[in-house]
Structures are given as structure tokens and as C-alpha cells.
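# Observations on the model geometry
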Amino acid sequence: MKFGKYLKDRLYSVIIYIFVIIAVILLMTAFKSQIELKITVGIIITLLWISEIFIDFFRKKRYFDEFVNNTQNLEQKYLVMETLSEPSFYEGKIIYDVISDIDKSMVENVKKYCHATQDFKEYVEMWIHEIKLPIASMTLILHNYKEKYPDVTERMTHHVNRVNNYLEQILYYVRSENAQKDYIISDCRLSKLIAAVAVKNKDDILENNIDFQVENADADVCTDSKWLEFILNQIISNSIKYRDEKKTDGSVIKIYVIKNDKSTVLNIYDNGIGIPAADLPRVFDKSFTGENGHAYSKATGMGMYIVKNLCEKLGHKITIESVKGEYTLVSIEFFKNDFYKETLVLRNIM
Amino acid sequence: MKKILIVEDDKDISIELKALLENSGYEASILTDFKNASDEILRNEPDLVLLDINIPYMNGEMLLRDLRQKTDVPVIMVTSRDSEADEVLSMSYGADDYITKPYNPTILLLRINALLKRAAASSANNSTFYRGMEILPQKGVIKYNDGRDEMLLTKNEMTIFMCLLAKKDRIVSRDELMTELWNNEEYLNDNALTVNISRLRARFKDIGIEDVIETRKGQGYILV
């Protein structure tokens, strides 16, 4: 609170003061008072006025300065009311009460939306689990009739798999957007996870004559196996989807692991159509589809966004490099175990 | 014939599951009375139980805990809940394996087969016999001439052979073989599978055993 601005705000008080002084002096002149008396009365009035101004100024300054400072220093500014006590002056009290009321109603409103989001999340998760039952039935039916109707079942299986992939995407989207932890970090063998994802995509890989190679994958990393499986599946489906059929030596997906002192890096390389340099910095953005996404019209732009989100939650570093028409390389860096041992307390689920 | 009991409250799934298991040479039955589930399971004397988590009256985890106090029959938990926490929880109650819906049927069969084999291995010794040969899959070795001679197989050849042997006298599709190989981290393509099968045939021919693997056109292979 600045004194100059405060005084300007109390301009009426200055005017009243000047008016009172003039009136008193005129009055005293009319009564023929002595000059000493005039000066004494003038000084008393001036002192009274100055002390009133200063007492009021400092009382307000102390309170409002604390208000402003606390607000500026807080990261969550809406919590500022919790740091202040009720002021001793009347206007302050009014403001304090009103802001407290506003705060309360805001908190209630936010809570309402939190609950609504939470309910929605729970409903979506439940719904996904429900819809997986008919999908499981369909998968079994298709498998049981494979010999009788090979053509139809093969095509249907392809589409059922697609439905399933989209379901996984929304399930992990819901999970990644919510703050609570539904993951468990443990030692996972990368080769096992790669095999699980490879089997899932086996038909597409074989059908499109993609050469699928895995090297040095016998490494253990600290992660949630289910989440990482989803992440890998997204990356590998992209590699399959954006393969380059014009490549003369055929399409390749190569997965290899590099270990160094402080981390283990899982690399997924493909010789597909690549990503234009201009699009590259934005591939992890929400709803970003880019040139490739438009050209292939199947992209929702959510896959890589969710992948990035999950990686951040798990404490893995994901990077992507690519040259258009040449290759794409996605790398996931897992930091060594002690990082988790020190910072993450595993959820006790028993 | 191995007996598998399906504990699942979704009728359509249990019917299709039964068909799947029966097509693969198992005897399958469906549990109908969920009220006394654990007694019913014991009465059925199955070799393996496929247990869903969401069943009426009590959940699958409670049933499993109950069951484990009475028997150590192999149990595969089947569920649409797929978080790591659910899996760890089920395993801690004594499930032998855990698979999430919707599952790849071939993978489910592989898991069942593996679990039954493991259960059998703990009661008998670990080697398998075929036409007087002793097969040691872990070592990649086949012993013949009453154990006097040995033949080494590559990992791929052994995986294919064991897959065919497990389903002896039944046709095994190329897709099944491929899934088994990929599941074992051997990422072969179609040509490589053909090459491996003809090589496997040649290996048996070398030691004087002919016509081991027959091709059934459009269907797959069969071990005779």
C-alpha cells in the first residue's frame, strides 16, 4: 500500500481539513482572537488530522500488504484466505467476510465438478469392463468358427481388435488424467512385455510382411507392466500403421535395448514414412494429428499424448526422433532402481 | 482327457469357452450353482479351474481364498479388470495365472496347456516320450536308440515340436504355431516357419524316422 495513492484516495479528507482550518481561522478572526490562539488551534487540528490519517493508513497497510504478499507468494492463490486472520477494521471485515463466502461457494462448486469427474471416470471404467464381456464373447465366437468361415472371421477379428485398441486408449486416458495412483512399480523383464505386445500385433505384422526384430531385450526395468504394455502397443501400432510400402527392402520394426550406468533405454525403430520436422515437436500434444494423421485419416491424436502422460507418471523419459521418408525412433529411458526406492513408496494393497 | 471347470457368470462367454476348450481336446464343464461354489468345484474334481472375478454371491477372490484352503488345483483368474493391482491381489490369494478379457483364445489355450504341464511335471518327472525317443525340451535334446544317441534341436525347432507333441493326433494350425513361437520371443515370419518345419522333418529323417509331421492343406500340421 502506497501513501501517495492512499492520500489521493482520501482527497475529501484533505479538502475537509483545509475547509475546517479556513473556517476556524475566519471564525476566530471574527471573534478577534489573539494570533497565538489561532496558531495553537490550527496546530491542534492539524495534528489530529495527521494522526487520524496515519493511524488509518498503517492499520490498513499492515493488513493489505500481508494480503497482497501472501497472494503473490502462494502457488495456489485460492488458498490465501487460509493464511489471513480477520482484520480489526470495519471495511476489512466486510471484505474478509465476502471473500470467505465467495471462497466457500467456489470450493463447493469445484468439489461438485471433482465429484462429477470422478463419477464419470468410474462410470467409464466400469463401462469399459462391461463392454469387454461382449467383446470377449465375440473373440471366442470368431475363434470357434475360424475353420468354418475363415474369410469372414479373419476380417471380423481385425475389426474386433481395432475396437479393443480404442477401448484400451480411452481406459488409459481416463487413468492418466486422474491424479490417483492405480499403478504398481515392480521389476519387469522387457523381453516378456515385448513378446506380449508382439503377439497382440502378430497378424498385422505378418500380413504386411514387416520384419520384426528384437535385440538385447533381456533387461529388467522398474515400471508398471500393464501401463508399459499399453505404451509399447501404441508405439508399435503406429509403426505398423505408418509403414512405408514403397521401401524396396521391405518394412522393418526393430526393438533394441541400450544399458548405461544410470539408465536403461528401450528403442523402437521403424523405417516407415517418418514425421515431418515441423510436426515433430508437437507429436505428444493433445489432439495433434499432423500431416501423417490427416493423410491416414485414422488418427485421433490421443495415442501419443496418453503415452507421454503415462511415461511422466511412471518417471520414464520418452523422446522421439524422425526423418521424413526415412525412419522414426521412439526411445523410453528407465532410470535405475534406486530412484524409485528412494522416492516412491509402493502402494500397500494387501 | 483333462477336465477344466469354467466358473463364469456370463452365459455367452461360458458357452463359447466350453466350445473352445472342447475343440482343443479338453473336457469342459460349466459351474451353474454359485451358492456353494467351492464345494461344487471340489465335487467336480477338475484338473484346472478358469475362475472369473465377477461372479454372483461372492467375488472370485474370496472364492479363490476359500478354495485354496481345501485344494491346490491349478487356477487361472479370468477378468476384465486389468490393473496391475488386481493381478497382484489375485496372485496373492493363490491364483496360478491371470488373464484379462478379452483374451486371445490361442494365448488362453497356451496358458492352460503350460499350467497343466507344470502341474503334471511336479508329480511326474520332466521328460516326455515320443516313438521311443526321450525329449528334454529344456536342454533342446532328443535322445534316441534307447538313450544312446542324442540329437540337438534349435530353440525354434524344439518349440514347434513341443507344440505339435502337446496336441498330438490333432491338427495344429500355422497360427497356433506362430503364436506359440512369438510368445516364446521368436519372431518368425511365414517363410521362416515353413523353413523350420521342413528342417525339423529333415532332422527326424536323418535319424531314420519318416513321416513325423504331416501337412494338412489349408488347416495346418499334425504329428503322427
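Residues numbered from 1 in each chain as written. Chains lettered and ligands numbered in written order. Predicted model: local features only at pLDDT ≥ 70, side-chain atom pairs only at ≥ 80, totals over all residues.

Now for the overall build of chain A. For chain A, the helix and strand inventory stands at eleven helices and seven strands. Since a compact globule built from 350 residues should have a radius of gyration of about 20 Å, the 35 Å found for chain A marks it as more spread out than a globular shape. With the C-alpha coordinates of chain A rotated into their principal frame, the extents come out at 125 × 45 × 40 Å. Partitioning the contacts of chain A with sequence separation of at least 6, the portion at a separation of at least 24 is 67%. (Helix = DSSP H or I, 4+ residues; strand = E, 2+ residues; numbered from the N terminus. Rg over C-alpha atoms; globule rule 2.2 N^0.38 Å. Contact = placed C-beta atoms within 7 Å.)

What follows deals with the interface of chain B and chain A. Of the residues lining the interface, 31 residues belong to chain B; the matching set on chain A comes to 29 residues. Listed by contribution, the elements that provide at least two residues to the side of chain B that touches chain A are α1 (11-23), α4 (84-92), α5 (105-123) and α7 (174-183) of chain B. Top contributing element to the side of chain B that touches chain A by residue count: α1 of chain B, with seven residues. Grouping the amino acids of the side of chain B that touches chain A by side-chain chemistry returns 14 nonpolar, eight polar and nine charged. (Nonpolar A, V, L, I, M, F, W, Y, C, P; charged D, E, K, R; others polar.)

Residues and elements named next belong to chain B. Here chain B is described as being made up of domain 1 (3-123) and domain 2 (128-223). The centre of domain 1, based on its C-alpha atoms, is set 29 Å off from the matching centre of domain 2. Each side of the interface is counted separately: domain 1 has five residues, and domain 2 has eight residues. (Domains from an automatic or database assignment.)

The next thing to look at is the UniProt feature "modified residue: 4-aspartylphosphate" (unreviewed entry) in chain B. Residue and element names in this part refer to chain B. The residues that UniProt annotates with the feature "modified residue: 4-aspartylphosphate" (unreviewed entry) are Asp52. Taking the number of C-beta atoms within 10 Å as the measure of exposure, aspartate 52 has 23 and is therefore buried. If we ignore the near neighbours within four places in the chain, the residues touching aspartate 52 are Val7, Glu8, Asp9, Gly60, Val78 and Thr79. (UniProt positions renumbered as here; feature names shortened; annotations may be inferred. Buried ≥ 20, exposed ≤ 12 C-beta atoms within 10 Å, placed from the backbone.)

Moving on: the confidence of the model for chain B. The predicted coordinates should not be examined in detail at positions where pLDDT is low. In the predicted model, chain B carries a mean pLDDT of 86, and the fraction of residues at 70 or more is 97%. Complex prediction metrics read pTM 0.78 and ipTM 0.80. (pLDDT = per-residue confidence, 0-100.)

Take the sheet that holds strand β5 (residues 263-270) of chain A next. Residues and elements named next belong to chain A. Read from one edge to the other, the open sheet built from five strands follows the order β2-β4-β5-β7-β6, with strand pairing classed as mixed. At either margin of the open sheet sits one strand with a lone partner, and together these are β2 (211-215) and β6 (317-323). Put simply, the sheet's adjacent strands are angled 15° from each other on average, direction ignored. Bridge count between strand β4 (residues 252-259) and β5: seven bridges; the pairing is antiparallel. Residue pairing in the sheet places lysine 254 in a bridge with tyrosine 269 of β5. (Pairing = 2+ DSSP bridges. Axes fitted to C-alpha atoms, helices over the stretch in contact; angles between N-to-C directions.)

The residues that UniProt annotates with the feature "transmembrane region" (unreviewed entry) are residues 12-31 and 37-55 of chain A. From the first C-alpha to the last, residues 37-55 of chain A spans 27 Å; its make-up is 100% helix and 0% strand.

With an omega of -10°, the peptide bond between lysine 101 of chain B and proline 102 of chain B qualifies as cis. Positive phi, normally seen in glycine, also occurs at asparagine 209 of chain A, with a value near 55°. Tracing the backbone shows asparagine 209 of chain A in the loop between α7 (202-207) and β2. Look at asparagine 209 of chain A and you get partly exposed, because 13 C-beta atoms sit within 10 Å. For asparagine 216 of chain A, which is not a glycine, the phi torsion comes out positive at approximately 50°.

With that settled, the discussion passes to the sheet that holds strand β1 (residues 3-7) of chain B. Residue and element names in this part refer to chain B. Overall, parallel pairing links the five strands, which are arranged β2-β1-β3-β4-β5 in an open sheet. On the outer flanks of this sheet lie β2 (27-30) and β5 (97-100), each paired with one strand and no other. If you compare each strand with its neighbour and ignore which way they point, the axes differ by 20° on average. Where β1 meets β2, four bridges bridge the pair, whose relative direction is parallel. By the bridge assignment for β2, isoleucine 6 is matched with isoleucine 30. Along the sheet, α1 makes contact with β1 and β2, crossing β2 at roughly 170°. Its contacts with the sheet place helix α3 (residues 60-68) against β3 (48-52) and β4 (75-79), and it is angled at close to 150° to β3.

Time to look at the domain arrangement of chain A. According to the domain assignment, chain A contains domain 1 (3-85) and domain 2 (188-343). Computed from C-alpha coordinates alone, the two centres of domain 1 of chain A and domain 2 of chain A are separated by 69 Å.

Attention shifts here to the environment of cysteine 163 of chain B. Residues and elements named next belong to chain B. Tracing the chain through its elements places cysteine 163 in helix α6 (residues 155-166). The exposure class assigned to cysteine 163 is buried, which follows from the 21 C-beta atoms found within 10 Å. Residues cysteine 163 and asparagine 113 lie 50 residues apart in sequence; the distance between their C-alpha atoms is 9.7 Å. In contact with cysteine 163, other than residues within four places in its own chain, are Val172, Glu176, Leu177 and Glu180.

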